[in-house]
Amino acid sequence: MNTSLDDIKVDAVISWVDGNTDAYKDKITPYLKKQAIDAKSFNSRYAQVNEIEYTVNSILKYAPFVESIYIITDNQTPEFLRQTVSKYNKVNIIDHNIVFEGLEHNLPTFNSRTIESCIHRIPELSEHFIYLNDDFFIINPTTKNDFFTDKGYPILRGMWQQFESKKFYKKEKKDKATHKVAQEKAAKILGFKKLYRFKHTPHAMRKSTLATFFNKNPEVFQENIKYKFRNRAQFLPVALANHLEIKNKTCHFKSDLQLMYFRSYKKPMIWYKFKLNVKAKRNLFLGLQSLDRSPPHILDYILNWLDERVS
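All figures in this text were calculated on a predicted structure; none of them were measured in a lab.

Cut-offs and rules
- Residue numbers here run from 1 along each chain, matching the order of that chain's written sequence.
- It should be noted that, the model being predicted, local features are given only for residues of pLDDT at least 70 and side-chain atom pairs only at 80 or more, the latter also being counted only at that level, while totals for whole chains, interfaces and linings use all residues.
- To obtain the side-chain values, all non-hydrogen atoms of the structure were used and water was disregarded.
- The term salt bridge refers to a pairing of a side-chain nitrogen on Lys or Arg with a carboxyl oxygen on Asp or Glu at a separation within 4 Å.
- Helix and strand assignments come from DSSP, with helices taken as H or I runs of at least 4 residues and strands as E runs of at least 2, each series counted from the N terminus.
- Accessibility here uses a 1.4 Å probe with only protein chains present; expressed as a share of the type maximum, an area under 20% marks a residue as buried, one over 50% as exposed, and anything in between as partly exposed.
- Here the expected length of a helix is defined as 1.5 Å per residue gap, with one fewer gap than residues.
- Arc, as used here, means the arc of the directions from the helix axis to the C-beta atoms.
- Contacts are assigned to residue pairs with any non-hydrogen atoms lying within 4.5 Å of each other.
- Paired strands are those between which DSSP finds at least two bridges.
- Where helices are involved, their axes are fitted lines through C-alpha atoms of the stretch in contact, as for all axes, and angles between N-to-C directions lie from 0 to 180°.
- Side-chain atoms within 4.5 Å are what join buried Ala, Val, Leu, Ile, Met, Phe, Trp, Tyr and Cys residues into a set we call a nonpolar core.
- When charges are counted, neither His nor the chain ends are considered; positive counts come from Lys and Arg and negative counts from Asp and Glu.
- Whenever two N or O atoms come within 3.5 Å, that pair is a polar contact, provided that in protein one can donate a hydrogen and the other can accept it, and provided that, for residues adjacent in sequence, both atoms are side-chain atoms.

Colleague: In this structure, what is going on with the pattern of salt bridges? I would like to understand it.
Modeller: Counting across every chain of the model gives 7 salt bridges. With a closest N to O distance of 2.5 Å, Glu164 and Lys180 form a salt bridge. In this pair, Glu164 sits in the loop between strand E6 (155-161) and helix H6 (179-189) while Lys180 sits in helix H6, placing the two residues 16 residues apart along the sequence. Pair check on accessibility: Glu164 and Lys180 agree, each one buried. Here Glu245 makes a salt bridge to Arg206, at a shortest N to O gap of 2.8 Å. Of this pair, Glu245 sits in helix H9 (residues 237-247) while Arg206 sits in strand E8 (residues 203-206), and the two are 39 residues apart along the sequence. In this structure Glu245 comes out as buried when scored by relative accessible area, which is 2%. Of the residues examined, Arg206 reaches a relative accessible area of 16% and is grouped as buried.

Colleague: Just checking my understanding: could you explain helix H11 (residues 296-310) for this structure?
Modeller: Given 3.6 residues per helical turn, the α-helix brings residues three or four places apart onto the same face. Taking 1.5 Å per residue as the helical rise, H11 with its 15 residues ought to reach 21 Å, and the 21 Å between its terminal C-alpha atoms agrees with that figure. Among the residues of H11, those classed as buried are Ile298, Leu299, Ile302, Leu303, Trp305, Leu306, Arg309 and Val310. End-on view of H11: buried residues confined to an arc of 160°, all on one side of the axis. Exposed residues lying more than 90 degrees from the buried face of H11 are Pro296 and Glu308. Against the buried residues of H11 lie helix H3 (51-62), strand E5 (136-138), strand E10 (259-262), helix H10 (269-277) and strand E11 (285-288).

Colleague: What am I meant to see in the sheet that holds strand E3 (residues 91-95) here?
Modeller: Where strands meet in a sheet, backbone hydrogen bonds hold them as pairs that are either parallel or antiparallel. One open sheet accounts for 5 strands, arranged E3-E2-E1-E4-E8; its pairing is mixed. Taken across any chain shown, the strands that pair with only one partner, and hence form the sheet edges, are E3 and E8. Across the sheet, the axes of successive neighbouring strands diverge by a mean angle of 30°, strand direction being ignored. Sheet topology places strand E4 (residues 128-133) next to E8; 4 bridges connect them, and they run antiparallel. Bridged to His128 within E8 is Arg206. Running over the sheet, H3 touches strand E1 (10-15), strand E2 (66-73), E3 and E4 and is turned about 165° from E2.

Colleague: Explanation requested: the nonpolar core in the structure shown.
Modeller: A general trend in soluble globular proteins is that nonpolar side chains are found buried together. Val56, Ile59, Ile69, Leu286, Leu288, Ile302 and Leu306 are the most contacted members of the largest nonpolar core, which totals 50 residues. Among the elements that make up this core, the one with the highest residue count is H11 (7 residues). Residue contacts for Leu306: discarding those within four places in its chain leaves Tyr54, Phe137, Leu286, Leu288 and Ser311. Formed by 41 residues, the second largest nonpolar core is a distinct cluster that contains Ile119, Leu156, Phe213 and Phe221.

Colleague: Mind showing me how you'd approach the side chain of Asp18 here?
Modeller: Within the element layout of this structure, Asp18 appears in the loop between E1 and helix H1 (22-34). Despite being buried, Asp18 has no salt bridge partner; Arg82 is the closest side chain of opposite charge, sitting 5.4 Å away. A distance of 2.9 Å separates the side chain of Asp18 from the backbone nitrogen of Asn20, its partner in a polar contact.

Colleague: Help me understand unusual backbone geometry, please; the structure alone is not making it clear to me.
Modeller: Trans is the prevailing form of peptide bonds, just as negative phi is the prevailing case for residues other than glycine. The amide bond that connects Leu107 to the next residue, Pro108, takes the cis arrangement and shows omega of -5°. Note that Pro108 resides in the loop between helix H4 (96-99) and helix H5 (112-116). The backbone phi angle of Asn50 is positive, close to 70°, even though this residue is not glycine. Note that Asn50 resides in the loop between helix H2 (39-43) and H3.

Printed below as a string of structure tokens:
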């Protein structure tokens, strides 16, 4: 008997950390010193301005088909969830100890790639789920069909690209654990000769895709979760899942990312107003990288816009 998309349960998973707390800084500092990592530049990666509340609210408002929202974090709870509010009944906090059960020797970890490798270990996570970082937002109404096909296959938003090593005009930075390098490594593990590169949109995923591969290749899994900080030897689990779906012909490509993405905040205010009040109407998703680095007047405007948009 065939199952329709209407009958498929879809969850959402968000990875989050509050890098501003003293407890977090106390936990991470000894490991930063041990590996001679500059604490100031590293901690800026995890600084936050309460984006997680907007991310959750955006899912509740614009993806109401999502049944459960799981926030993976390290002994922390976002401020807006510290009081019981019926609006957030769908939201569940999943501590690192839960997804690393039996693998506690890898904790603590401060590495999103390590943590993402254990997404499939969330208890009761549905087979179909959407994975988001805490700086991803859904800004217009969506349906399951924006993430999965009628057969339940993930919809992949990205583009095919050559590996960096194949580009004669670009010299590969051998000491950098960049986002693209980690995506390429996932593709190479599976024998691909080029990369299907994803961008900063919510990712449609299937739990069994990662679980099956890691069960058959435990050494690959163990290698990827042993690093406390990003390492060039690691691959991105989302990229691995995408390329597995491609290899198995169980996905659908969508070239239109339906994404607005801000990675810097140096443009004049009128540019942000135009993007958020005109361009936003044509997109489903918004990505705001390093929003904490935004000038105060730009930050206030964007947060007010988000509050009105997703509340």
